[in-house]
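Given next are the chains, with one letter for each unit.
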Amino acid sequence: MKKTLVTGGAGFLGSHLCDKLIERGDDVLCIDNFFTGSKENISHLIGHKSFELMRHDVTFPLYVEVERIFNLACPASPIHYRHDPVQTTKTSVHGAINMLGLAKRTKARILQASTSEVYGDPDVHPQPESYWGRVNTIGIRSCYDEGKRCAETLFFDYYRQHQLEIKVMRIFNTYGPRMHPNDGRVVSNFIVQALKGENITIYGDGQQTRSFCYVDDLIDGMVTFMDSAADFTGPVNIGNPGEFTMLELAENVLHLVGGKSKLSFHDLPQDDPKQRQPDIALAKSALNWEPKVCLKDGLKETVSYFRKTLKLG
Ligand SMILES: NC(=O)c1ccc[n+]([C@@H]2O[C@H](COP(=O)([O-])OP(=O)(O)OC[C@H]3O[C@@H](n4cnc5c(N)ncnc54)[C@H](O)[C@@H]3O)[C@@H](O)[C@H]2O)c1
């Protein structure tokens, strides 16, 4: 039974990860400060003999005995990470230092939930791991993008300096049940607006593209990566390369939800990337991983989750 720590375990991805780890027999310690996470996400695990929940902020050191660390703690949506940008950078940077320190002391293997945002507004498309990115250091998204970039640097410095077993995973847009309904992310936005019969907000002309990975595929990739050979550090992109414009996504959602919502067009926010698509050749060859769930099936699950939890439609 592996003693596994999940930071940010009460969040969207973290709670699905806890489910998966419990299911395969790990002994899971979930820590969270509940900034964006919620107890509802993990309430079904409370009382399970292999699950423990601790309120803790990763910007403070943590002294526990573990063999594996999944470091997911960090607000992930612009609304949340811009709410307190200084705290966002602290969570990424101090959080990484604290968790790497814990990994060093306990000789635990550690995985960092990094992000496609390290590529910024890319001028290479799709983005392979070798691309260094095009990131604004002083913009309103920088607290997140640069915090995550610095965390990656720390992971590789601990690897070189202290021979830690590290895994750096660059996560692309992921969606599914337990996303926050009001965090401004495009999939949850569109679904909630459609379920409420409100107009769908499109920024710019809606031709900017995103790729969307269903949460089950993402978690599968995360666990496979953690279990991969010790010398495979990444960084590795995990995401779904299927590319959709915002207009196509809106059409898919409207088709599933029905109703009378119309599209309403607004100015593009600052630093909003125009294109984002993972190159997943490395994940395929090194991890034998690729996503399996198509957008339509994933959206169906997500719509029914929001219908149930928001009691709409
Ligand atoms: N969901 C995506 O599409 C996506 C894409 C790229 C990267 N990521 C990364 O994956 C991770 C999880 O994202 P998510 O979508 O589940 O977001 P989320 O906001 O649902 O989860 C983050 C969790 O971290 C917790 N947290 C925040 N600050 C903390 C702190 N200082 N100490 C302890 N806990 C703290 C929150 O309460 C929450 O439970 C994040 O690191 C995010 O950057 C997610």
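Scroll up a little and you will see the structure.
Residues numbered from 1 in each chain as written. Predicted model: local features only at pLDDT ≥ 70, side-chain atom pairs only at ≥ 80, totals over all residues. Heavy atoms only, no water.

## Digging into the pattern of salt bridges
Where charged atoms from two side chains of opposite charge come close, those side chains can pair.
Here is step 1 of the chain: Using the criterion set out here, one finds 14 salt bridges in the structure.
Here is step 2 of the chain: Note that Asp220 is salt-bridged to Lys20, the shortest N-O span being 3.8 Å. Note that Asp220 is positioned in helix 7 (residues 215–226) and Lys20 in helix 1 (residues 12–23), a separation of 200 residues in sequence.
Here is step 3 of the chain: Judged by relative accessible area, Asp220 falls into the partly exposed class, the value being 22%.
Here is step 4 of the chain: Where Arg105 meets Glu65, a salt bridge forms, and the shortest distance between an N and an O atom there is 3.1 Å. On the criterion of sequence distance, the pair formed by Arg105 in helix 4 (residues 85–106) and Glu65 in the loop between strand 3 (51–55) and strand 4 (68–71) is long-range, its members being 40 residues apart.
Here is step 5 of the chain: The class of Arg105 is partly exposed, set by a relative accessible area of 40%.
Here is step 6 of the chain: Among the ionic contacts, a cluster of salt bridges with common partners joins Arg24, Asp26, Arg68 and Asp227. (Salt bridge = Lys/Arg side-chain N within 4 Å of Asp/Glu carboxyl O. Helix = DSSP H or I, 4+ residues; strand = E, 2+ residues; numbered from the N terminus. Buried < 20%, exposed > 50% of the residue type's maximum accessible area, 1.4 Å probe, protein only.)

## Considerations on the site of the ligand
Here is step 1 of the chain: Neighbouring residues of the ligand: 30 residues in total, closest Asp32, Thr36, Tyr144, Lys148 and Arg185.
Here is step 2 of the chain: Between Leu13 and the ligand, the recorded distance is 2.8 Å, taken from a backbone N or O atom to an oxygen atom.
Here is step 3 of the chain: At 2.6 Å, a side-chain N or O of Thr36 approaches an oxygen atom of the ligand.
Here is step 4 of the chain: When isolated, the ligand has an accessible area of 810 Å², and the protein chains bury 98% of it.
Here is step 5 of the chain: Among the elements that take part in the shell around the ligand, strand 5 (residues 109–115) stands out by supplying 3 residues, more than any other.
Here is step 6 of the chain: By residue class, the composition of the shell around the ligand is 14 nonpolar, 12 polar and 4 charged. (Near = heavy atom within 4 Å. Polar contact = N/O pair within 3.5 Å; in protein donor to acceptor, adjacent residues only side chain to side chain. Areas by Shrake-Rupley, 256 points an atom, 1.4 Å probe, with all protein chains shown as cover. Nonpolar A, V, L, I, M, F, W, Y, C, P; charged D, E, K, R; others polar.)

## Structural notes on the nonpolar core
One broad trend across soluble globular proteins is that nonpolar side chains are buried collectively.
Here is step 1 of the chain: One finds Leu17, Phe70, Val187, Leu218, Met222 and Leu249 to be the most contacted residues of the largest nonpolar core, which totals 59 residues.
Here is step 2 of the chain: Sequence-distant contacts of Val187, that is, excluding residues within four places in its chain, are made with Tyr175, Met179, Phe212, Leu249 and Leu299.
Here is step 3 of the chain: Leu29, Val64, Ala108 and Ile110 belong to the second largest nonpolar core, which has 25 residues in total. (Core = buried A, V, L, I, M, F, W, Y, C linked by side-chain atoms within 4.5 Å. Contact = heavy atoms within 4.5 Å.)

## Some words on helix 1
Here is step 1 of the chain: Under the 1.5 Å per step criterion, the end-to-end length of helix 1 is 17 Å for 12 residues, consistent within 8% with the ideal 16 Å.
Here is step 2 of the chain: Listing the buried residues of helix 1 in full gives Phe12, Leu13, Gly14, Ser15, His16, Leu17, Cys18, Asp19, Leu21 and Ile22.
Here is step 3 of the chain: Two residues or fewer past helix 1, Gly25 is found with a positive phi of approximately 100°. (Expected span 1.5 Å × (residues − 1).)

## Side note on the packing of aromatic side chains
Remark: the centre distance and the inter-plane angle together describe each pair of aromatic rings, the angle taken between the planes.
Here is step 1 of the chain: Under the criterion given, the structure shown has 8 aromatic pairs.
Here is step 2 of the chain: An angle of 40° between the planes, with centres 6.1 Å apart, marks the rings of Tyr119 and Phe172 as tilted. One end of the pair, Tyr119, is in the loop between strand 5 and helix 5 (142–162); the other, Phe172, is in the loop between strand 6 (166–171) and strand 7 (174–175), with 53 residues separating them in the sequence.
Here is step 3 of the chain: With centroids separated by 5.5 Å and ring planes inclined at 65°, the aromatic side chains of Tyr175 and Tyr214 adopt a geometry described as edge-to-face. With Tyr175 in strand 7 and Tyr214 in strand 10 (residues 213–214), this residue pair connects regions lying 39 residues apart in the sequence. The burial state of Tyr175 is the same as that of Tyr214; both residues are buried.
Here is step 4 of the chain: Each residue in the set Tyr119, Tyr131 and Phe172 is aromatic and connected to the rest through ring pairs, giving one cluster.
Here is step 5 of the chain: Here Lys39 stacks its cationic end above the ring of Phe34, 5.3 Å away from the centre of that ring. (Phe/Tyr/Trp six-rings, centres within 6.5 Å; stacked < 30°, edge-to-face > 60°. Lys NZ or Arg CZ within 6 Å of the ring centre and 35° of its normal.)

## Digging into the packing of helix 8 (residues 246–257) against helix 10 (residues 295–309)
Here is step 1 of the chain: Close contact between helix 8 and helix 10 brings their axes to 10 Å; oriented N to C, the two are set at 55°. Considering the angle they form, helix 8 stands oblique to helix 10. Seen from above, helix 8 lies across helix 10 with right-handed handedness. Touching Leu249, Asn252, Val253, Leu256 and Val257 of helix 8 are Leu295, Lys296, Leu299, Lys300, Val303 and Arg307, all from helix 10.
Here is step 2 of the chain: Taken together, the residues of the contact of helix 8 with helix 10 sort by class into 7 nonpolar, 1 polar and 3 charged. (Axes fitted to C-alpha atoms, helices over the stretch in contact; angles between N-to-C directions. Parallel < 35°, antiparallel > 145°, perpendicular 65-115°, else oblique. Left-handed = near helix turned anticlockwise from the far one by under 90°.)

## Brief notes about the sheet that holds strand 1 (residues 3–7)
Here is step 1 of the chain: Strand order in this open sheet of 7 strands is 3-2-1-4-5-6-11, and the pairing throughout is parallel. Looking at the sheet topology across the chains shown, the edges are occupied by strand 3 and strand 11 (236–238). Direction aside, neighbouring strands of the sheet carry axes that sit 20° apart on average.
Here is step 2 of the chain: Along the sheet, helix 5 makes contact with strand 5 and strand 6, crossing strand 5 at roughly 155°. (Pairing = 2+ DSSP bridges.)

## Side note on the pairing of strand 5
Here is step 1 of the chain: Of all 7 residues that make up strand 5, 7 are buried, and the element is covered over most of its length.
Here is step 2 of the chain: Neither face of strand 5 is open: one carries Arg109, Leu111, Ala113 and Thr115, the other Ile110, Gln112 and Ser114, and all of them are buried.
Here is step 3 of the chain: In this sheet, strand 5 lies alongside strand 4 in parallel orientation, the contact comprising 4 bridges. Note that in strand 5 the partner of Phe70 across the bridge is Leu111.
Here is step 4 of the chain: Here 6 bridges tie strand 5 to strand 6, and the two strands are oriented parallel to one another. Residue pairing in the sheet places Ser114 in a bridge with Arg170 of strand 6.
Here is step 5 of the chain: In this fold, strand 5 hands off to helix 5, which returns the chain to strand 6; that crossover is right-handed. (Right-handed = clockwise from strand over helix to strand, strands pointing away.)

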